[in-house]
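Geometric and topological summary
Here are the chains, one letter per residue:
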Amino acid sequence: MKFVLFPLDPVHDVALKMLNRELVKRKHQVILLPPDTKMEEVIELCQREMPDFIMVSRTVGYGAAELLARFIDMLDAAGLRDKCKVVVGGKAITKELAAELGYDAGFGERTSWEEVIAYVEGRQMEKEKLKVKKNKRDITQGYTYRVHEPTFKQLLDKITDQILDWVKDKTSPAIERVKIRERMLEGEDLIEEYLKFCDETVVSYFKKNLLPKKVRFITREESKKFDQLIKSLKLDDRILRHTLDKPLVFVQYGTGCPFMDAMHIKVSEAWGADGVLHFDPSWGARCEGLLEGLLAHEEDGSIITLENLKLIKSSLDVSTLWCVRAHRGLNTPETILLAARAGADLTKINMVYGSLNGGTDPERLTVDGVYALKLAAKYNLPFDIPTNEELGGVPAPKAFAGMLVVAHLGVKLNAKPILKPLFCYSPDVMINDYMKDNYIDYNVAKVIALRQIMDAPIWPGEPIGFMTHTEDRIQSAMTTALHAALASSLRLDAITIASTDEAYARGAITVSARIDTLRAIAEAFRFFGQAKIEPTKRAEEYAQMIVNGIYETLEKVAKREDFVASLYEGLFGTREEGANPGRAGRGTVRKC
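What this report covers is the structure whose coordinates are included nearby. (Residues numbered from 1 in each chain as written. Predicted model: local features only at pLDDT ≥ 70, side-chain atom pairs only at ≥ 80, totals over all residues. Heavy atoms only, no water.)

1. Some thoughts on the overall build of the chain
- Check the secondary structure of the chain and you find 24 helices and 16 strands.
- Here the C-alpha coordinates of the chain stretch approximately 95 × 60 × 40 Å along the principal axes.
- The 592 residues of the chain split such that 57% are buried.
- Considering only contacts in the chain between residues 6 or more positions apart, those separated by 24 or more positions represent 77%.
- Within the structure as shown, the chain displays about 26200 Å² of accessible surface, and the carbon and sulfur contribution to it stands at 51%.
- One way to put it: in the chain the 82 positive side-chain charges average out to a point 2 Å from where the 85 negative ones average out. (Helix = DSSP H or I, 4+ residues; strand = E, 2+ residues; numbered from the N terminus. Buried < 20%, exposed > 50% of the residue type's maximum accessible area, 1.4 Å probe, protein only. Contact = heavy atoms within 4.5 Å. Areas by Shrake-Rupley, 256 points an atom, 1.4 Å probe, with all protein chains shown as cover. Lys, Arg positive; Asp, Glu negative; His and termini not counted. Charge placed at Lys NZ, Arg CZ, Asp CG, Glu CD.)

Printed below as a string of structure tokens:
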């Protein structure tokens, strides 16, 4: 076929040059005119060449519609309008505008070459081919979980064997509850038995229908409208990573209302997020027992109930990875059970972080944590292990020693751990002054150190860039994007991001804030592509320091021969460093 490409614009003709490339590639005959060609010259040329298509571009400028309409009139007057098809493209062009102006077709922003070529070649648009296909990934695939150095393996074996031996004759209210809950989910009526292991808040809810403060039921009418809204949503899929395959991008949600959570998830999916994380409320984590039903509340974090989780699940795209967190609190095993039954893909467990920064008693969370790991293995839920360098400033070597103990323990129990170092200008860095020259070296050092010790997936969070931001959405999006680019350079498996509003921490997170960050990350991935961010030699020095620190910590814990005592006594971080043993659930572990 023969084409005349005419830029009806004094300067801009890039799109037509690219179209020329695609048409020539497909062996079509093309005449590409320069931007300053007059309409009369185009008419003369077309009368001589008789093309099958005249492709006109017009991107910006006043009076564009009038110029485009005038061109059609001139083609009509010259007797060409019925002899060739006329197509217009440009940023502001829509199908409706093109038809109104008398063009056969119009292509606007984000049109793919495949769409244009399919049209001019008279082929049906293959919508399935054009559609972005997002597939659910297994973050743990391909990792062996081998501990590389025998000296590290011996220490981790010794510590984890001691933990397993210590918990073997112990139980807790959480473990007893989850055993009952499993039977209840199979249809047995055991609510009275269940409530024997719950706090008064939960007992009052079930027996007196009393809701906790600031909590309310979601009505059937609201639920019905929500279902209709989710079914009516038609959002195009996007992928953030351009030509990259890693890292996957997760966003965290927990507005208090599962409907609002679902809408934040849909926006995040539409802008390219690969996964989402469920935040539970702090008060829920410190209460023995879980509520039931569709519930919303007014504070941060969404209530863990099977009904709330199922509602969230119903809104997820099939490709979206879903992590329901359970790494702390008095309902850790039960949360994993509900997450599995609701269809979650991932969960969180960290006995060290949860008991030194998450508020749960170390003894209690050790017993609950081991049981939770067994449940994660049983339900095939890979679990990530956040560290406690983020809140109090616990040095990374001590935080990572705890993370590696939990990871090795998980592997022993046939679960699949994911290492999750913090990736930002962290309190550990601020206190110890590690980032004088840049924000790169120490973060890179963490990854080098962890890879030196264990072959496991690494997922920095939560979230990346956290505490690096100022109270400015642009800066927040930019630093998140830079950290994301660094994660991409290091070929990390996933990242968790916050929204730009979260830098303020002064109110609800807006949809525009979520989009800010997701778009910034997409631009960063596009900007760096397959290129890499190069750290200085300090990264290797810091990495060795971290590896040495992990070894020293593990050696002390192994010598102590008591993991729980090590937590209380500060071997994984002292109170001065910000590792404060929690009190929730203290004194509730008993022999079984």
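2. Points about the nonpolar core
- The biggest cluster of nonpolar side chains holds 123 residues, and the ones touching the most others in it are Trp 322 and Phe 563.
- Examining the composition of this core, we find that 10 residues originate from one element, helix α18 (residues 396–412), more than from any other.
- Every residue in contact with Phe 563, bar those within four places of it in the chain, is listed here: Ile 159, Gln 162, Ile 163, Met 351, Val 352, Thr 366, Val 405 and Phe 572. (Core = buried A, V, L, I, M, F, W, Y, C linked by side-chain atoms within 4.5 Å.)

3. Some remarks on the packing of helix α1 (residues 14–25) against helix α5 (residues 113–120)
- It is the contact of α1 with α5, at a shortest axis distance of 11 Å, that shows an interaxial angle of 60°. On the basis of their axis angle, the class for α1 and α5 is oblique. Note on packing geometry: the crossing formed by α1 with α5 is right-handed. On α5, the residues touching Ala 15, Met 18, Leu 19, Arg 21, Glu 22 and Leu 23 of α1 are Trp 113, Val 116, Ile 117 and Val 120.
- Its residues placed into classes, the contact of α1 with α5 shows eight nonpolar, no polar and two charged. (Axes fitted to C-alpha atoms, helices over the stretch in contact; angles between N-to-C directions. Parallel < 35°, antiparallel > 145°, perpendicular 65-115°, else oblique. Left-handed = near helix turned anticlockwise from the far one by under 90°. Nonpolar A, V, L, I, M, F, W, Y, C, P; charged D, E, K, R; others polar.)

4. Considerations on the environment of Asp 161
- Mapped onto the secondary structure, Asp 161 falls in helix α7 (residues 150–167).
- Taking relative accessible area as the criterion, Asp 161 reaches 44% and is therefore assigned partly exposed.
- For the pair Asp 161 and His 469, spaced 308 residues apart in sequence, the C-alpha separation works out to 41 Å.
- In this structure the side chain of Asp 161 is engaged in a polar contact, spanning 2.4 Å, whose partner is the side chain of Lys 412. (Polar contact = N/O pair within 3.5 Å; in protein donor to acceptor, adjacent residues only side chain to side chain.)

5. Focus on a nonpolar patch on the surface
- Taken together, the side chains of Met 430, Ile 431, Phe 466 and Met 467 define a hydrophobic patch exposed on the protein surface, amounting to about 340 Å² of accessible area.
- Secondary-structure assignment places Met 430 in helix α19 (residues 427–432). (Patch = residues over 30% accessible without salt bridge, like charges linked within 9 Å, V, L, I, M, F, W, Y side chains within 5 Å. Salt bridge = Lys/Arg side-chain N within 4 Å of Asp/Glu carboxyl O.)

6. So, the sheet that holds strand β4 (residues 85–89)
- Spatially, β2-β1-β3-β4-β5 is the arrangement adopted by the five strands of the open sheet, whose pairing is parallel. In this open sheet, the two strands that pair with only one neighbour each are β2 (29–32) and β5 (105–107). Strand-to-strand twist across the sheet, computed as the mean angle between neighbouring axes with direction ignored, equals 20°.
- This element, helix α2 (residues 39–49), spans β1 (2–7), β2 and β3 (53–57) of the sheet and lies at about 180° to β1. (Pairing = 2+ DSSP bridges.)

7. Brief notes about the pattern of salt bridges
- According to the stated counting rule, one finds 45 salt bridges in the structure shown.
- Two residues, Arg 21 and Glu 22, come together in a salt bridge whose shortest N-O distance is 2.9 Å.
- In this structure Glu 22 comes out as buried when scored by relative accessible area, which is 7%.
- A salt bridge links Asp 493 to Lys 246, with the shortest nitrogen-to-oxygen separation between them at 3.4 Å. Within this pair, whereas Asp 493 is found in the loop between α21 (473–489) and β15 (494–497), its partner Lys 246 is found in the loop between α11 (220–232) and β8 (248–253), the two being separated by 247 residues in sequence.
- Accessibility expressed as a relative area gives 6% for Asp 493, which makes it buried.
- Note on Lys 246: relative accessible area 21%, which makes it partly exposed.

8. Quick notes on unusual backbone geometry
- Cis geometry marks the peptide bond from Lys 246 to Pro 247, where omega comes out at -5°.
- Summarising the element assignment, Pro 247 is placed in the loop between α11 and β8.
- Residue Asn 209 is not a glycine yet carries a positive backbone phi of 60°.
- Structurally, the position occupied by Asn 209 is in the loop between α10 (200–208) and β7 (215–217).
- When its relative accessible area of 53% is taken as the criterion, Asn 209 is described as exposed.
- Positive phi, close to 55°, is recorded for His 242, a residue that is not glycine.
- Note that His 242 resides in the loop between α11 and β8.
- With a relative accessible area of 43%, His 242 lands in the partly exposed category.

9. Observations regarding α1
- Between its first and last C-alpha, α1 extends 17 Å over 12 residues, near the 16 Å set by a 1.5 Å rise per residue.
- Taken residue by residue, α1 has Leu 16, Leu 19, Asn 20, Glu 22 and Leu 23 as its buried positions.
- At its buried positions, α1 is contacted by β1, β2, β3 and α5.
- Positioned one or two residues after α1, Lys 27 has a phi angle of 70°, which is positive. (Expected span 1.5 Å × (residues − 1).)

10. Focus: empty space enclosed by the protein
- Applying the stated rule across the entire model yields two cavities of 30 Å³ or more.
- One number sums up the size of the largest cavity: a volume of about 170 Å³.
- Counting only elements with at least two residues in the lining of the largest cavity, the list comes to α10, α13 (282–285) and α15 (332–342).
- At three residues, the largest contribution of residues to the lining of the largest cavity is made by α13.
- Residue classes in the lining of the largest cavity are distributed as 12 nonpolar, seven polar and three charged.
- Here the second largest cavity is characterised by a volume of approximately 30 Å³.
- Along its surface, the second largest cavity is lined by Lys 158, Ile 159, Gln 162, Val 557, Ala 558, Glu 561, Asp 562 and Phe 563.
- Of all the elements in the fold, those that place two or more residues in the lining of the second largest cavity are α7 and α23 (538–560).
- Grouping the amino acids of the lining of the second largest cavity by side-chain chemistry returns four nonpolar, one polar and three charged. (1 Å grid on protein atoms, 1.4 Å probe; cavity = no way out; pocket = protein on both sides within 12 Å on 5 of 7 lines; lining within 4 Å. Points joined across faces, edges and corners; volume = space filled by probe spheres on them.)

11. Structural notes on the side chain of Ser 488
- Along the chain, the position of Ser 488 falls in helix α21.
- On the accessibility criterion, Ser 488 (8% relative accessible area) is buried.
- In this structure Ser 488 touches Leu 244, Lys 246, Pro 247, Phe 525 and Gly 529, once residues within four positions along its chain are discounted.

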